[in-house]
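Tertiary structure, described
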Amino acid sequence: MKPYRRRASTLTVRRTLRRRGAQPKVVALGGGMGLSASLAALRRITGDLTAVVTVADDGGSSGRLREELGVLPPGDLRKALAALCGDDDWGQTWARVIQHRFQSKGEINGHAVGNLLIVALWEQLGDPVQALDLVGLLLGAQGRVLPMSAVPLELQALVKGHDPERPEDVDTVCGQATVALTSGEVQSVHLVPNDPPAVPEAVAAVLDADWVVLGPGSWFSSVIPHLLVPDLLDALVESKARKVLSLNLAPQPGETDGFSPQRHLEVLGRHAPKLALDVVLADEAAVPDRDSLADAAKRFGAAVELAPVARPDGSAKHDPELLAAAYDRIFRMHGRIGPWR
């Protein structure tokens, strides 16, 4: 392998942090590829990083393991661990290994190596948090990964027009994989059980954070579920941490098809009316109506920060270096809490 050369922008951000002293304690909430994008950016600017991951996935390898073994779905936890792997040969090799999926005509087809590793350690140790910490140690992960709840959750949604032949009817759609691909309009989501216990370490991390980052990601199936765990929501409301909401680059076909940036905020507010935010981050090219977004953000007590955070290739994906620069600027410009001040 060729020796890794870190990009200059990453070095600049880290040198700035060293000059400032202690690094900020950051907690990132979400799931799937949205959370992975946020973590890949945040690990470039702080070494004190905790990911709190949704555990409602019921599709693919995760769904099969969940159904067969009664375990938490490991897939989003695996993706978060991969995103926290370093940019050196060790980190990138292990990131590829745990993301590798078997291709066969047998029962192992489609399973990810990391999913099997995580579940094996859960069975060995009997403690999901301890097992994830051990996987992180093996990978050299630059941060910690925690599930938001210690029990598998089912996501249910009220969807208008789920049946195209009954466009005005509202049906209950069950399962995260189904909700994410629904052809109707999602009105609201809830969890089963409806009062799930939060992982204590996740609550403690939120209460002790300098900054909490929510999003980007699948809005109804990865972002909002964190607000439906009572103890976690209470911690978000009570924490002295400053909070930044990172918006998606584009609506998600099915789940948020046709949503404007401000509508994402409106549905978030309906699910968590007591939640306050400090900053709403959006890509400047993805906001056609800046005044409407600013008005929606004000209802949360938040300012809007616009920055180029998309990959230059035109895809609806975040560039980790650009997103890191945007987070770093927000952390510096919007105040600090506690020992990082």
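Above this text sits the structure in question.
Overview of the structure. (Residues numbered from 1 in each chain as written. Predicted model: local features only at pLDDT ≥ 70, side-chain atom pairs only at ≥ 80, totals over all residues. Heavy atoms only, no water.)

Some words on the overall build of the protein chain
A tally of regular secondary structure across the protein chain gives 14 helices and 10 strands. Scaling as 2.2 N^0.38, a compact globule of 341 residues should have a C-alpha radius of gyration of about 20 Å, and the protein chain matches this with 19 Å. Viewed in the frame of its principal axes, the protein chain has a C-alpha envelope of about 60 × 50 × 40 Å. Residue burial in the protein chain is summarised as follows: out of 341 residues, 52% are buried. Looking at the protein chain alone, contacts between residues at least 24 apart form 71% of all its contacts between residues at least 6 apart. Across the protein chain, the centroid of the 37 positively charged side chains sits 10 Å from that of the 41 negatively charged ones. (Helix = DSSP H or I, 4+ residues; strand = E, 2+ residues; numbered from the N terminus. Rg over C-alpha atoms; globule rule 2.2 N^0.38 Å. Buried < 20%, exposed > 50% of the residue type's maximum accessible area, 1.4 Å probe, protein only. Contact = heavy atoms within 4.5 Å. Lys, Arg positive; Asp, Glu negative; His and termini not counted. Charge placed at Lys NZ, Arg CZ, Asp CG, Glu CD.)

Focus on the side chain of Ser221
Within the secondary structure, Ser221 is located in helix H10 (residues 219-223). Looking at Ser221, its side chain comes within polar contact range of the side chain of Glu255, at 2.9 Å. (Polar contact = N/O pair within 3.5 Å; in protein donor to acceptor, adjacent residues only side chain to side chain.)

Overview of the pattern of salt bridges
Pairing of side chains with opposite charge becomes possible as their charged atoms draw close. Taken as a whole, this structure holds 13 salt bridges when the rule is applied. Among the ionic pairs, Glu321 bridges to Arg44, the shortest N-O distance being 3.3 Å. Taken as a pair, Glu321 in helix H14 (residues 320-333) and Arg44 in the loop between helix H2 (32-42) and strand E2 (48-53) lie far apart in primary sequence, 277 residues in all. A salt bridge links Glu185 to Arg263; the nearest nitrogen and oxygen atoms lie 2.7 Å apart. Here Glu185 is found in strand E6 (residues 185-192), whereas its partner Arg263 is found in helix H12 (residues 261-271), with 78 residues between them in sequence. For Arg263, a relative accessible area of 25% puts it in the partly exposed group. (Salt bridge = Lys/Arg side-chain N within 4 Å of Asp/Glu carboxyl O.)

So, the pairing of strand E1 (residues 25-30)
Within E1, 5 of the 6 residues are buried, leaving the element largely enclosed by the surrounding structure. Sheet topology places E1 next to E2; 6 bridges connect them, and they run parallel. Residue pairing in the sheet places Lys25 in a bridge with Asp48 of E2. You can see the chain leave E1, run along H2 and come back into E2, and the turn it takes is right-handed. Two elements, E1 and strand E7 (residues 211-214), share 4 bridges in a ladder whose sense is parallel. Note that in E7 the partner of Val27 across the bridge is Val212. (Pairing = 2+ DSSP bridges. Right-handed = clockwise from strand over helix to strand, strands pointing away.)

Structural notes on the nonpolar core
Ranked by size, the top nonpolar core spans 101 residues in total, and within it Leu39, Leu42, Trp122, Leu245, Leu268, Tyr327 and Phe331 carry the most contacts. The biggest single contributor to this core is H14, with 6 residues. (Core = buried A, V, L, I, M, F, W, Y, C linked by side-chain atoms within 4.5 Å.)

A closer look at a nonpolar patch on the surface
Together, Leu125, Leu134 and Leu137 make up an exposed nonpolar region whose accessible area comes to about 280 Å². Relative to the assigned elements, Leu137 resides in helix H7 (residues 128-139). (Patch = residues over 30% accessible without salt bridge, like charges linked within 9 Å, V, L, I, M, F, W, Y side chains within 5 Å. Areas by Shrake-Rupley, 256 points an atom, 1.4 Å probe, with all protein chains shown as cover.)

As for unusual backbone geometry
Excluding glycine, a negative phi dihedral is what most residues carry, and trans is how most peptide bonds are arranged. Following Val192, the chain continues to Pro193 via a peptide bond in cis, the omega torsion being 0 degrees. Locating Pro193 in the fold gives a position in the loop between E6 and helix H9 (200-208). For the peptide bond that leads from Gly215 to Pro216, omega is 0 degrees, which places it in the cis range. By the secondary structure assignment, Pro216 is in the loop between E7 and H10.

A word on the sheet that holds strand E3 (residues 144-147)
The strand order across the open sheet formed by 7 strands is E3-E2-E1-E7-E8-E9-E10, and the pairing between neighbours is parallel. The open sheet is flanked by E3 and strand E10 (303-307), the only strands paired with a single partner. Neighbour to neighbour, the strand axes of the sheet diverge by 20 degrees on average, direction disregarded. Where helix H13 (residues 290-298) meets the sheet, it contacts strand E9 (279-283) and E10, and its direction lies at approximately 140 degrees from that of E10. (Axes fitted to C-alpha atoms, helices over the stretch in contact; angles between N-to-C directions.)

Describing the packing of aromatic side chains
Here the structure, examined in full by the defined rule, presents 4 aromatic pairs. Judged by centre distance (6.1 Å) and plane angle (80 degrees), the ring pair of Phe220 and Phe259 falls under edge-to-face. Highlighted residues: Phe220 in helix H10 and Phe259 in the loop between strand E8 (242-246) and H12, separated in sequence by 39 residues. Here a set of aromatic residues connected by ring pairs shows up, and it is made of Trp211, Tyr327 and Phe331. (Phe/Tyr/Trp six-rings, centres within 6.5 Å; stacked < 30°, edge-to-face > 60°.)

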